[in-house]
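Chain by chain, the residues:
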Amino acid sequence: MIVTRVAKVTLGFYMSFVASLAIVVFTSFSLGLYLGAPVACFVLAVVGVVGMAQDGYREIFLGWLSWVAIFGIFIVVTFFL
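Here the structure is a predicted model, which means the values were calculated and not measured.

Draft legend 1. Local environment of a nonpolar patch on the surface. A cluster of nonpolar side chains, Leu31, Leu35, Val39, Phe42, Val43, Val46, Val47 and Val50, forms an exposed patch at the surface whose accessible area comes to about 660 Å². A total of seven residues in the nonpolar patch trace back to one element, the largest contributor, which is helix H2 (residues 33–53). Inspection of the secondary structure assignment puts valine 46 in helix H2.

This is the structure in structure tokens:
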């Protein structure tokens, strides 16, 4: 049971990592780097919160939101500090 939950959280972490690469590249090219990266973080966070609202996918989107939080902190520190 615990192994399954850890696997689901890891899967969500990986899915968000792959999705963030695609979304950040697209939004950065279309909106510019300083506007595109925060927009991508916002979009990923909204998807994660909506996914958490569904009952069967809580562990997956917990990993998803964990990556979004790490990525958002990285974006803020790298671009704005």
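Draft legend 2. Local environment of the side chain of serine 28. Locating serine 28 in the fold gives a position in helix H1 (residues 2–31). On the basis of relative accessibility, which here comes to 14%, the residue serine 28 falls in the buried class. Those residues within four positions of serine 28 in sequence are excluded, and the remaining contacts are Leu33, Gly36 and Ala37.

Draft legend 3. Representation of the environment of glycine 72 within the structure. In this structure, glycine 72 sits in helix H3 (residues 58–80). The exposure class assigned to glycine 72 is buried, which follows from its relative accessible area of 19%.

The rules behind these values
Residues numbered from 1 in each chain as written. Predicted model: local features only at pLDDT ≥ 70, side-chain atom pairs only at ≥ 80, totals over all residues. Heavy atoms only, no water. Patch = residues over 30% accessible without salt bridge, like charges linked within 9 Å, V, L, I, M, F, W, Y side chains within 5 Å. Areas by Shrake-Rupley, 256 points an atom, 1.4 Å probe, with all protein chains shown as cover. Salt bridge = Lys/Arg side-chain N within 4 Å of Asp/Glu carboxyl O. Helix = DSSP H or I, 4+ residues; strand = E, 2+ residues; numbered from the N terminus. Buried < 20%, exposed > 50% of the residue type's maximum accessible area, 1.4 Å probe, protein only. Contact = heavy atoms within 4.5 Å.

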